[in-house]
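# Inside the fold
Now for the letters of each chain:
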Amino acid sequence: MSQKKILIIDDDPDMRLGLGVRLRAGKYATVFAADGATAIAAAQRERPDVILLDLGLPGGDGFLVLERMAAIPRLASIPVIVVTARDPAASEAKALGLGARRFLQKPVDAETLLAAIEAATEGS
Amino acid sequence: VLYLGGRTEIAPRPAAVIGFAGVATDEIEGFFDHPELLEHVMKQSVGIALPSAAIDQDLSREILGRAGVLSMVAVPIAAQGETMGVLVMGARMVSFDVEDWLAFARTASLQIGQALALAWTLRQNHFLLDSVGEGIWGIDSGGRITFVNRAGAEMLESEATMLIGKGFHSLVHAPCAEPDCELAGRFGDDRKVGEAAFHLGNGAALSVEYTATPAHEDAQRGTVLIVRDTTERQRARKLAELEGLRRQELQVKDEVLSHVSHELRTPLAAIHQFVTILLDGLAGPIEGEQRQYLGIISRNVNHLRVMIGDLLEATRFEAGGVTLKREPVAIADLLAQACETLAILARDKAIRLNVSVDADVPAVHADPSRIAQVLTNLIENAVKFTPEGGAVFVSAVRGDATDGSLCISVADTGVGILPEELPKVFDNHYQGTNTVNLTRKGFGIGLHVCKDLVERHGGRLWVESRAGEGCTFSFTLPAAGSEPR
């Protein structure tokens, strides 16, 4: 089985580092984007198996990234898991409506995160 | 004898016995209660005299015989265009000129009809005036009440008969000494519309809108005053204003807290991330004391996380933005899930979690996620307040036999709560400051929310405790089918 690749889109370098360490320990390969503007290009270039997406991003927020991805056939099928500190009451329905698979609120337990990624990659 | 009735029927009993020369009135009772005769006069709306060629001779004799008279006339009484009754007169002689008598009876019936019509009109007007919600007053030029309808009398918490003849102003403005007061009775010659406040002698106050219309009849000059009690409306408007302000405030609070919680969660997420990375050995082996201290950081991070969540939750409860999604709930499953969630917390403190569910617990119709929240909260508190090596007992039993409810209890073996402190534990933001030896504070928001949730389900949440012997939080849920719709 080839190693699955996860694209982590988060503007907080601490978060990118931490998620990277956690996911590599879970035998995933990791690539990163720090803003909405480069996120789409990174997704097209890297063709990740799963995307972890923060919502508060410079250069186009997470919702915009979800919208753009849904419009690009090659990217539309990549499962996106939203990982954000935002209030689910205000954002979860919108994110899921734009095609996100899951909505996880930070801080996220490692087990929850890994289970969500595993579920998203199942069958792919 | 006067018979009165409705449109098609005449009451069989006489409405009035007008008089009968030389005969006791009770002797006449029933004498003319002859349905055929009454019906004939009623339906044909014609007067008849007996004996008469117009009526069958046998019948005529029978009617006269029963009444004990030798001759009689019966004429219809018309009021407001309808036959409303029959006037019957009898005589113990036959020497009358029957036609004259009939003419006299017709005149009498006409007058009775007019009197009846007037009485009905008056009654109808009274009924109409008493049916309206506005107070209607007739006030004479001296400011005295000449008429008041029911609503008007009720506004003054009195009865119409008690008010007639009294001065209007002194009744509605009990302490008023203002000579130019707009309600002082001089409403002038123009129609006037205004707003005022009534101050009654008993201290009650009303907000009113009124219309004063001058009324002149012959030499009489007066005013018709129509008054609408707007107290309720004013109160409702004020309440709505306050409610609007409260909603606005809660909305702002929600936005602020939502923002604050986001801002707090971001650094917290980083701390959480790296503490768990270290604890899981992803950055190299850790041992002994290091593990213990990192565990402490981790627990406190989790505690912070829960508190941040509670902040928003509590505001949203206050705003009433919680709707229950009820479905059949297996309480044993919910208990198992709650205990599983808290197993780590309990294990860290070497606390035994004992769960027992009676076989005959009733089914409940509840919102599973909300009840899970209550269970988690209560069990988490119990674990928190039980010293290391203690035990927490969770049980679900059928409630008292009468209502067949479900009763869930969570008992800890902690320090307990002092009796005077017990009623306060469900207060918003209660901190449990007086609980002896408290190593961790902060079960306030949770309990407040729990109680609200249980009550929204139609249940009850309470606490029992003896200081030094732990406390027991119990709540009931109505059995499925018995909860209020």
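Residues numbered from 1 in each chain as written. Chains lettered and ligands numbered in written order. Predicted model: local features only at pLDDT ≥ 70, side-chain atom pairs only at ≥ 80, totals over all residues. Heavy atoms only, no water.

### Considering the overall build of chain A
Scanning chain A from terminus to terminus reveals 6 helices and 5 strands. The helix and strand sequence of chain A, counted from the amino end, reads β-α-β-α-β-α-α-β-α-β-α. Once local pairs closer than 6 in sequence are excluded, the contacts in chain A between residues at least 24 apart make up 59%. For chain A, the exposed surface amounts to about 5500 Å²; the carbon and sulfur share of it is 51%. (Helix = DSSP H or I, 4+ residues; strand = E, 2+ residues; numbered from the N terminus. Contact = heavy atoms within 4.5 Å. Areas by Shrake-Rupley, 256 points an atom, 1.4 Å probe, with all protein chains shown as cover.)

### Remarks on the interface of chain B and chain A
When the parts of a complex come together, some accessible area is lost, and that lost area is often taken as the interface size. Listed as interface residues are 17 residues of chain B and, on the opposing side, 18 residues of chain A. Taken together, the connections running from chain B to chain A amount to 2 salt bridges. A salt bridge links Arg22(A) to Asp280(B), with the shortest nitrogen-to-oxygen separation between them at 2.8 Å. The tally of links between chain B and chain A comes to 6 residue pairs in polar contact (both at pLDDT 80 or more). Elements that contribute at least two residues to the side of chain B that touches chain A include exactly helix H8 (231-279) and helix H9 (288-318) of chain B. The dominant element in the side of chain B that touches chain A, judged by the number of residues it contributes, is H8(B), at 12 residues. Split into classes, the residues belonging to the side of chain B that touches chain A amount to 7 nonpolar, 6 polar and 4 charged. (Salt bridge = Lys/Arg side-chain N within 4 Å of Asp/Glu carboxyl O. Polar contact = N/O pair within 3.5 Å; in protein donor to acceptor, adjacent residues only side chain to side chain. Nonpolar A, V, L, I, M, F, W, Y, C, P; charged D, E, K, R; others polar.)

### With respect to the packing of aromatic side chains
In this description, an aromatic ring pair is defined by two values, namely the gap between the centres and the angle between the planes. Scanning all chains against the criterion turns up 4 aromatic pairs over all chains. Between Phe168(B) and Phe198(B) the ring centres are 6.2 Å apart and the planes differ by 80 degrees, which places this aromatic pair in the edge-to-face class. One end of the pair, Phe168(B), is in helix H7 (residues 168-172); the other, Phe198(B), is in strand S7 (residues 192-199), and 30 residues separate them in sequence. Among the residues examined, Phe198(B) registers a relative accessible area of 1% and is labelled buried. The ring of Phe63(A) has Lys94(A) lying over it, and the distance from NZ or CZ to the ring centre is 4.1 Å. (Phe/Tyr/Trp six-rings, centres within 6.5 Å; stacked < 30°, edge-to-face > 60°. Buried < 20%, exposed > 50% of the residue type's maximum accessible area, 1.4 Å probe, protein only. Lys NZ or Arg CZ within 6 Å of the ring centre and 35° of its normal.)

### A closer look at the pairing of S7(B)
Residue and element names in this part refer to chain B. Note that S7 and strand S8 (residues 205-217) share 8 bridges and pair antiparallel. Note on S8: the bridge partner recorded for Phe-198 is Leu-206. Connecting S7 to the next strand, S8, in antiparallel fashion are 5 residues, including Gly-203 with a positive phi near 95 degrees. (Pairing = 2+ DSSP bridges.)

### Considering the confidence of the model for chain B
For chain B, the mean per-residue pLDDT works out to 80, and 85% of the residues sit at or above 70. Among the scores for the predicted complex, ipTM is 0.90 and pTM is 0.51. (pLDDT = per-residue confidence, 0-100.)

### A short note on the side chain of Ser298(B)
Residue and element names in this part refer to chain B. For Ser-298, the location among the structural elements is in helix H9. Note on Ser-298: relative accessible area 14%, which makes it buried. Setting aside its immediate chain neighbours within four residues, Ser-298 contacts Val-275 and Leu-279.

### Things to note about the pattern of salt bridges
All names here are of chain B. Taken as a whole, this structure holds 16 salt bridges over all chains when the rule is applied. One salt bridge in this structure joins Asp-140 and Arg-144, with 3.6 Å as the shortest N-O distance. Two residues, Arg-246 and Glu-243, come together in a salt bridge whose shortest N-O distance is 3.4 Å. Taken as a pair, Arg-246 and Glu-243 lie in helix H8 at a separation of 3 residues, close to a single helical turn. Taking relative accessible area as the criterion, Glu-243 reaches 33% and is therefore assigned partly exposed.

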